[in-house]
Amino acid sequence: MRYWILTTEFPPFYGGGISTYTDQTARMLSEAGHEVSVFIPYYESDSIRESLIGNIRIVQFNPKGTSTYPFFGYEANLSFAFAEAVTAQIRLHGKPDFIEAQEYLGIAYYLLQKKHLGYPELADIKVVITLHAPTFLYLDFNQVPVYKHPNFWTGEMERFCIRAADIRISPSAYLPFIIADRIKLDDLKIHVLPNPFESSYLNEPVPDYTSNEVVFFGKIIPQKGCIELIRYFSELWDEGFTVPLRMIGGGKHLFHPVNQDLVIFLKKKYKKYIDNGLLFMEGEIRPDELYMRLKNAHIILIPSIVDNLPYTVLEAMASGKVVLASRQGGQSEIISHEKDGFLFDHKEKGSFRRELKKILALDSQSIHEIGRLAKQKVRSVYNHPLIYKTKMSILEQSRVPAPSGIFPLIRPAQPPQETSVQEIPGLLSVVIPYYNMGIFLPQAIASIRASTHLSVEIIVVDDGSTETESIEALHVLENDARVRIIRKKNEGLPLARNTGALNAQGEFLAFLDPDDTIEPSYYPKALDVLRKKDNISFAGCWARYFDEGTGIWPTFNPEPPYVLLHNCLNTSALVYKKRHFIDAGLNDPAMIYGMEDYESMISMLAKGYRGVSLPEPLWNYRIRKNSMARAFTINSQLYLYKQIAEKHADFYSHYSTQLFMLLNSNGPSYNIDNPTYDRRIYSKFAQSWIGRNAISLAKKNNYVRILALGIYKRFVK
């Protein structure tokens, strides 16, 4: 079996949970004779690097080399880079049997998008998503603004990865339970399979301990229960308790409510206990030094307020240590209370102090026996052969092809019963609404004719053109049997589009403005999706600017709530199932200043029709100084947004809380053009070579991140 693993962390550079999991899983599969490849970002080389660690192939790639690097935020670009690296490796080495990825940061988002949109290299790949640390959950518990971009969009990418995977594995039953109110899961199968873990610690005898050596180790972040833990101890210390607390773990994590590093915040708040020798904050420790540091611990504390299946618990138990952990996480599925460890409940007042004092009262023989049973638990339940056997059983179940007629939307909708309309099967009708644009029309028509989809009718709807040159351009086309011209009095763009749609003969419908063009593969790719996906009614793509402007505008699958604030799709050049457009998408002539195409899409979404974006620039959008879009003012946009929201009030009200938070977190929607970055810091500097590299470095380095956030706090309001 050829098994590829995509990850953001891999030894020796990282010692966290994802890194440990990837290392353990790769070795487990390699030991069983499988061909394992691990894909990991690497910023020091422009080309893809392949190397071996034992029998494991390491594929390193530089996300800065992607076409999306100039216009995507860090997380979205990273995801796109993974998809490109995988595609390149498939072309070189052929397809693997399985690709596994973490859900964290949505790194498989574009891989799964392309798979479900039918991109040939990825269409039949089996993708496994293993749940580790979804930011849409953990950021919330870490008191980070989850609705602020790019946090919100990263969460959307993670949700899509979970829903779009062929196989979903969670190391704990707790995680699917706790995220069920943040993502629809009731229609999905999630396999619970503990993480594999083997360690040389397991071969060591149960170590002695230093009495009253009570240790916390892990990240110093709210999610790990640091704030609650010190509060519990401060209450005990104030009552005369003399056992100190030693905290081992990395700081440099911003505590967002006070815009300060959490370690600095805690040191200031609890300074008197530090001065009195009751609280020790020892900082970060290398993974390879951890065992020796914890060897003498009396009790190891894992007080997470939310967690999956933390490796810190397995590592501590494998070391023969007594662990006191919270019940708020998968650790409660590892520890058998009062047998091989102890559990307390944050929700139960006094639970922590009761269990802590219970352990401190145990004699050394009891402590030693608990350590022995802890080692035995890890050795018997989390060993490679046992986890491997179960994992292979899960993978084998998925070899039966799953139905592919449904695109995996984040928030599935139930479309209405289809309306019957007259149509010629397979025919695409392309409607060009036309008013005084004779100079551009031939180029638009030529691009349609260059399309590799052959069954096309072109309908030009002349909305009462008055310019001689534009009228003459229509006379030239009258002799072309492949073009139909419909003339009507001037009533505006919405009614011109509607006239063309109502006269179209095709099963499929597309619009194209006369000053724009398309790439030859756009219509074939869009039609392929519409034919194969029963729950998709329209398809769009990214835009490439030309003429008086350059650049790429990336578009996104139009799912609420985000789409209700901002048009995230190329709505003036979509491809539709015509019957669905006729049923719900006819343009509203009341949209006198524009946005009629956006309102049309909202109307379709409100009725249950859904769309997708092909993640590549296949529509060429002409930038002109005197275009209708350039005439927009903030006031006209606000008026149009008001019309849309009032017309679809019921649809908007369903997402009112999320819309309220998105607006408060990101500001007015007319200022948002790309949810993959924070527009307030993505200035011209951020788009420069220096700025892009600074942002990339800040994402990877906690010290730089703290410095950058300090500057942000000072200068950006």
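Residues numbered from 1 in each chain as written. Predicted model: local features only at pLDDT ≥ 70, side-chain atom pairs only at ≥ 80, totals over all residues. Heavy atoms only, no water.

Enquirer: How should the overall build of the protein be read in this particular structure?
Expert: Of the regular secondary structure elements, the protein holds 28 helices and 25 strands. For 717 residues, the compact-globule formula gives about 27 Å, and the C-alpha radius of gyration of the protein, at 29 Å, lands near that figure. With respect to the principal axes defined by its C-alpha atoms, the protein has extents near 100 × 55 × 50 Å. Surface exposure of the protein reaches about 29,500 Å², of which carbon and sulfur atoms provide 53%. Where the 80 positive side-chain charges of the protein centre and where its 77 negative ones centre are 4 Å apart. (Helix = DSSP H or I, 4+ residues; strand = E, 2+ residues; numbered from the N terminus. Rg over C-alpha atoms; globule rule 2.2 N^0.38 Å. Areas by Shrake-Rupley, 256 points an atom, 1.4 Å probe, with all protein chains shown as cover. Lys, Arg positive; Asp, Glu negative; His and termini not counted. Charge placed at Lys NZ, Arg CZ, Asp CG, Glu CD.)

Enquirer: Would you mind going over the packing of helix 22 (residues 596-606) against helix 23 (residues 634-647) with me for this structure?
Expert: Axes are the key here: two packed helices are described by the angle between their axes and the distance separating the axes. Between helix 22 and helix 23, the shortest axis-to-axis distance is 11 Å and the interhelical angle comes to 15°. By the angle class used here, helix 22 and helix 23 are roughly parallel. In the crossing of helix 22 with helix 23, the sense of the turn from one axis to the other is right-handed. In this structure, helix 22 uses Y598, E599 and I602 to contact helix 23, whose residues at the interface are Y641, I644 and K647. Its residues assigned to classes, the contact of helix 22 with helix 23 comprises four nonpolar, no polar and two charged. (Axes fitted to C-alpha atoms, helices over the stretch in contact; angles between N-to-C directions. Parallel < 35°, antiparallel > 145°, perpendicular 65-115°, else oblique. Left-handed = near helix turned anticlockwise from the far one by under 90°. Contact = heavy atoms within 4.5 Å. Nonpolar A, V, L, I, M, F, W, Y, C, P; charged D, E, K, R; others polar.)

Enquirer: When you look at the packing of aromatic side chains in this model, what are you seeing that I'm missing?
Expert: Aromatic ring pairs: the centre-centre distance and the angle between the two ring planes describe each pair. According to the stated counting rule, one finds 38 aromatic pairs in the structure shown. Among the aromatic side chains, those forming a connected cluster through ring pairs are F71, F72, F80, Y109, Y110, W153, F160, F407, W542, F556 and Y562. The ring of F136 carries the charged tip of R159 above its face, separated from the ring centre by 4.5 Å. The ring centre of F280 lies 4.2 Å from the NZ or CZ of R246, which sits over that ring. (Phe/Tyr/Trp six-rings, centres within 6.5 Å; stacked < 30°, edge-to-face > 60°. Lys NZ or Arg CZ within 6 Å of the ring centre and 35° of its normal.)

Enquirer: Explanation requested: the sheet that holds strand 15 (residues 322-326) in the structure shown.
Expert: For sheets, the rule is that strands pair by backbone hydrogen bonds, running either parallel or antiparallel. Read across the open sheet, the six strands follow the order 13-10-9-14-15-16; overall the sheet is parallel. A single partner strand is all that each edge strand has here, and the edge strands are strand 13 (279-283) and strand 16 (342-344). Within the sheet, the average angular offset between the axes of one strand and its neighbour, ignoring direction, is 25°. Two strands pair when backbone bridges link them, and strand 9 (residues 214-217) and strand 14 (residues 299-302) are joined in this way by three bridges, in the parallel orientation. If you follow F216 over to strand 14, its bridge partner there is L301. (Pairing = 2+ DSSP bridges.)

Enquirer: Help me understand the sheet that holds strand 8 (residues 191-192), please; the structure alone is not making it clear to me.
Expert: Within the open sheet, the eight strands sit side by side as 3-4-2-1-5-6-7-8. Their pairing is mixed. A strand with exactly one partner marks an edge of an open sheet, and here the two such strands are strand 3 (49-53) and strand 8. Pairing between strand 3 and strand 4 (residues 56-61): five bridges, direction antiparallel. Residue pairing for strand 4: S51 is matched across the bridge by I58.

Enquirer: Sorry, what's going on with the environment of K377 here?
Expert: Tracing the backbone shows K377 in helix 14 (residues 364-381). On a C-alpha basis, the gap between K377 and M157 in space is 36 Å, while along the polypeptide they are 220 residues apart. Aside from chain neighbours lying at most four places away, what touches K377 is M317, I334, I335, S336, D340 and Y382.

Enquirer: What should I look at first to understand helix 22 in this one?
Expert: Within helix 22, 10 of the 11 residues are buried, which leaves the element mostly enclosed by the surrounding structure. By the burial criterion, the buried members of helix 22 are E596, D597, Y598, E599, S600, M601, I602, S603, M604 and L605. A positive phi of about 110° marks G608, the residue just after helix 22. (Buried < 20%, exposed > 50% of the residue type's maximum accessible area, 1.4 Å probe, protein only.)

Enquirer: I'm lost on the side chain of K577 in this one. Help?
Expert: Note on placement: K577 falls in strand 24 (residues 575-577). One buried charged residue, K577, forms no salt bridge at all, with the nearest opposite charge on D534 at 5.3 Å. A distance of 2.9 Å separates the side chain of K577 from the backbone oxygen of I536, its partner in a polar contact. (Salt bridge = Lys/Arg side-chain N within 4 Å of Asp/Glu carboxyl O. Polar contact = N/O pair within 3.5 Å; in protein donor to acceptor, adjacent residues only side chain to side chain.)

Enquirer: Would you mind going over the nonpolar core with me for this structure?
Expert: One recurring pattern in soluble globular proteins: nonpolar side chains tend to sit buried together. Counting 137 residues, the largest nonpolar core has I179 and Y523 as the members making the most contacts within it. Excluding its chain neighbours within four sequence positions, the residues that come into contact with I179 are L131, P134, F136, L137, I162 and L185. (Core = buried A, V, L, I, M, F, W, Y, C linked by side-chain atoms within 4.5 Å.)

Enquirer: I would appreciate a short explanation of unusual backbone geometry in the present structure.
Expert: Residues other than glycine predominantly adopt negative phi, and peptide bonds predominantly adopt the trans conformation. The omega angle of the peptide bond from H149 to P150 is 10°, so this bond is cis rather than trans. With respect to the helices and strands, the residue P150 is situated in the loop between helix 4 (135-141) and helix 5 (151-164). A cis geometry characterises the amide bond from P560 onward to P561, with omega recorded as 10°. Structurally, the position occupied by P561 is in the loop between strand 23 (551-553) and helix 20 (562-565). Despite not being glycine, N212 shows a phi value in the positive range, around 65°. The residue N436 is not glycine, and still its phi comes out positive at about 55°. Residue position: N436 is located in the loop between strand 17 (424-434) and helix 16 (441-449).

Enquirer: I'm lost on the environment of I445 in this one. Help?
Expert: Take I445: it is sitting in helix 16. Sequence spacing of I445 and K321 is 124 residues, and the spatial spacing of their C-alpha atoms is 74 Å. Residues contacting I445, with those up to four places away along its chain left out, are I432, I458, V460 and L477.

Enquirer: Explain the side chain of S37 to me, please; I cannot follow it from the model alone.
Expert: Inspection of the secondary structure assignment puts S37 in strand 2 (residues 35-41). Looking at S37, the relative accessible area reads 0%, which means it is buried. A distance of 2.9 Å separates polar atoms of two side chains, one belonging to S37 and the other to R57. Residues in contact with S37, not counting those within four places in the same chain, are Y3, W4, I5 and R57.

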